[in-house]
Amino acid sequence: MDMHLSPDAAVFHAVLARLSPDDRARVDATAAPAAKKAAEAAPHWDFEMPAKAVDALLDADASDDVRRGLVAAWALQLPDRAAAMRLPAEVMALYPYWIEQLAAFLDKAEGEYVFDHWSKDVRFTLALSVPGAKSQVIDLSSPVGPGQIVKHVRDGWGLTPLFRYLATGAKREPWLEVHTESRWLRGFNEDGWNEAWATAAELCRARPELAGMIGSSWFYDPPLTEISPRLAHLRLNPLNGGAFMVHQGPAPIHTERAATASASRKALIDSGEYTARSWLMIWPRKELIAWADRRKAG
Ligand SMILES: CC(C)(COP(=O)(O)OP(=O)(O)OC[C@H]1O[C@@H](n2cnc3c(N)ncnc32)[C@H](O)[C@@H]1OP(=O)(O)O)[C@@H](O)C(=O)NCCC(=O)NCCS
């Protein structure tokens, strides 16, 4: 991944070059300590913690140009950072595409830096999350506490996750966690998701300490098999590969996301016929690696 003279590197240099001298000084002074604080915050369950840790180091009046400058500075260091992490070939092969996407995004970006984008870009450029496929990014360290499993059982959703959780070693951590990158959705389809699960399996293989892979979303909700069949693979493929699901429940953010792109789902939500619920998908490493081996063999 040599990007020292690439068009992407030129974009990142240009983002830095158009900063005012004051903002450039802020970026230069903050990049290293902010990277350290972000890395310390990364194992938290809250995906946004690294970005919040960087924000806490920035002056209250720091502009989003400074944030874009930090992301550009970290992006220039990313090839060396990723190379030092001895990541699986499947991850390394995705970096050129992801860096190109990020460069195209930053090239045109101005005004507000949407917090979800800022959160994702901090994690990505500091390699706290790595590419899993074209539209999926994987956090390298995420916790799964017993609280959600207990709540699932207490709320009457069944005992299966409790037994499965205990069988995976209960407090064994960390887990990988997958997220969708809504800015580049080309790989949001069954093949793209299978690629993401397979990349996670290779990460688990390379890192024996990992407990497996998790994901949390409204799109694992069982009624979608009927009302949005094109999304059914998101739940059924992991389940058929040995994952289990933990009920998280409804919330305004899940309603909003489920209603964003589908007119038919929005109509069901608006009429009260459907309530979007989030589920935690847990795919233990043994079953995930076995699934990936079967996929390779097939
Ligand atoms: C997650 C998301 C990217 C999935 O999008 P998607 O793969 O297009 O699937 P959706 O079920 O949402 O489909 C959107 C609509 O476009 C239509 N559509 C999608 N792909 C299509 C295709 N190839 N041809 C024709 N129509 C298509 C679908 O029919 C659907 O409309 P309908 O349900 O009324 O029929 C999208 O719902 C989204 O952006 N949501 C908000 C962000 C989000 O939730 N992110 C995940 C956070 S956990």
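Rules and cut-offs
- Throughout, a residue's number is its position along its own chain's written sequence, starting from 1.
- With pLDDT at 70 or above as the cut-off, local features in this predicted model cover only qualifying residues; side-chain atom pairs require 80 or more to be listed or tallied, and sums for whole chains, interfaces and linings still use all residues.
- Only DSSP runs of H or I reaching four residues or more are called helices, and only runs of E reaching two or more are called strands; each is numbered from the N terminus.
- We compute the radius of gyration over the C-alpha atoms and compare it with the globule rule, which gives 2.2 Å times the number of residues raised to the power 0.38.
- The burial label depends on the number of other C-beta atoms within 10 Å of a residue's C-beta. Counts of 20 or more mean buried, 12 or fewer mean exposed, and intermediate counts mean partly exposed, with C-beta atoms placed from the backbone.
- Whether two residues are in contact depends on their C-beta atoms, placed from the backbone: they are in contact if these lie within 7 Å.
- We call a residue near a molecule or strand when the C-beta position, derived from backbone atoms, sits within 6 Å of it.
- Classification used: nonpolar for Ala, Val, Leu, Ile, Met, Phe, Trp, Tyr, Cys and Pro, charged for Asp, Glu, Lys and Arg, polar for all others including Gly.
- DSSP calls a pair of strands paired once it identifies at least 2 bridges connecting them.
- Domains are outlined according to an automatic or database domain assignment.
- For helices, the fitted axis covers only the stretch in contact; all axes are lines through C-alpha atoms, and the angles between them, taken along N-to-C directions, range from 0 to 180 degrees.
- Every angle not falling under 35 degrees, over 145, or within 65 to 115 is termed oblique; those three ranges are roughly parallel, roughly antiparallel and roughly perpendicular.
- Whether a crossing is left-handed or right-handed is set by the direction in which the near helix is turned from the far one by less than a right angle, anticlockwise for left-handed and clockwise for right-handed.
- In this usage, the nonpolar core is the set of buried Ala, Val, Leu, Ile, Met, Phe, Trp, Tyr and Cys residues whose C-beta atoms join them within 7 Å.

## Some words on the overall build of the chain
Thought 1: Counting its regular elements, the chain contains 15 helices and 6 strands.
Thought 2: Computed over C-alpha atoms, the radius of gyration of the chain comes to 20 Å, within 12% of the 19 Å expected from 2.2 N^0.38 for 298 residues, which places it in the range of a compact globule.
Thought 3: Burial statistics for the chain: of 298 residues in total, 43% are counted as buried.
Thought 4: Nonlocal contacts in the chain, meaning residues at least 24 apart in sequence, comprise 80% of its contacts between residues at least 6 apart.

## Considering the site of the ligand
Thought 1: Around the ligand sit 16 residues, and of these Ser217, Arg257, Ala261, Ser262 and Ser264 come closest.
Thought 2: The set of elements that each furnish at least two residues to the shell around the ligand consists of helix H13 (252-260) and helix H14 (263-270).
Thought 3: The element best represented in the shell around the ligand is H14, accounting for 3 residues.
Thought 4: Of the residues assigned to the shell around the ligand, the class counts are 6 nonpolar, 7 polar and 3 charged.

## A word on the pairing of strand E6 (residues 278-284)
Residues in a regular strand project their side chains so that they alternate between the two faces of the sheet.
Thought 1: Of all 7 residues in E6, 7 are buried, a share of seventy percent or more.
Thought 2: Sheet analysis places strand E4 (residues 212-217) next to E6, joined by 6 bridges and oriented antiparallel. Bridge assignment links isoleucine 214 to a residue of E6, and that residue is isoleucine 282.

## With respect to the domain arrangement of the chain
Thought 1: Parsing the chain into structural domains produces domain 1 (7-126) and domain 2 (138-297).
Thought 2: Listed by partner, the interface residues are 12 residues for domain 1 and 14 residues for domain 2.
Thought 3: At the level of secondary structure, the elements contributing two or more residues to the side of domain 1 that touches domain 2 comprise helix H5 (89-92), helix H6 (95-108) and helix H7 (115-125).
Thought 4: Here the side of domain 1 that touches domain 2 takes 3 residues from H7, the largest share from any one element.
Thought 5: Among the residues forming the side of domain 1 that touches domain 2, the class breakdown is 7 nonpolar, 2 polar and 3 charged.

## Thoughts on unusual backbone geometry
Thought 1: Omega for the peptide link from glutamate 173 to proline 174 comes to 0°, which places this bond in the cis form.
Thought 2: The phi dihedral of arginine 86 falls on the positive side, at around 45°, and the residue is not glycine.
Thought 3: Take arginine 86: it is sitting in the loop between helix H4 (64-84) and H5.
Thought 4: Positive phi is not limited to glycine here, since alanine 127 has a value of about 55°.
Thought 5: Structurally, alanine 127 can be placed in the loop between H7 and strand E1 (129-131).
Thought 6: By the C-beta count within 10 Å, which is 21 here, alanine 127 ends up buried.

## Points about the packing of helix H10 (residues 190-206) against helix H15 (residues 285-297)
Thought 1: H15 packs onto H10 with a crossing angle of 120° between their chain directions and a minimal axis gap of 9 Å. By the angle class used here, H10 and H15 are oblique. Pair H10 / H15 crosses with left-handed handedness. On the side of H10, the interface is formed by Asn194, Trp197, Ala198, Ala200, Ala201, Cys204 and Arg205, while H15 contributes Arg285, Leu288, Ile289, Trp291, Ala292 and Arg295.
Thought 2: Looking at the contact of H10 with H15 residue by residue, the class counts come to 9 nonpolar, 1 polar and 3 charged.

## Describing the nonpolar core
Thought 1: With 80 residues, the main nonpolar core has Ala38, Ala200, Met281, Ile282 and Leu288 as its most contacted residues.
Thought 2: In terms of residues, this core owes the most to one element, H4, which gives 8 residues.
Thought 3: Two domains each put at least three residues into this core: domain 1 (7-126) and domain 2 (138-297).

## Comments concerning the sheet that holds E6
Thought 1: Spatially, the 6 strands line up as an open sheet ordered E1-E2-E3-E4-E6-E5, and their pairing is mixed. Where the open sheet ends on each side, the last strands, each with one partner, are E1 and strand E5 (244-249). Pairwise comparison of adjacent strand axes, ignoring direction, gives a mean angle of 25° for this sheet.
Thought 2: Sheet topology note: the strand E3 (residues 175-180)/E4 ladder contains 3 bridges and is parallel. Paired with leucine 176 across the bridge in E4 is methionine 213.

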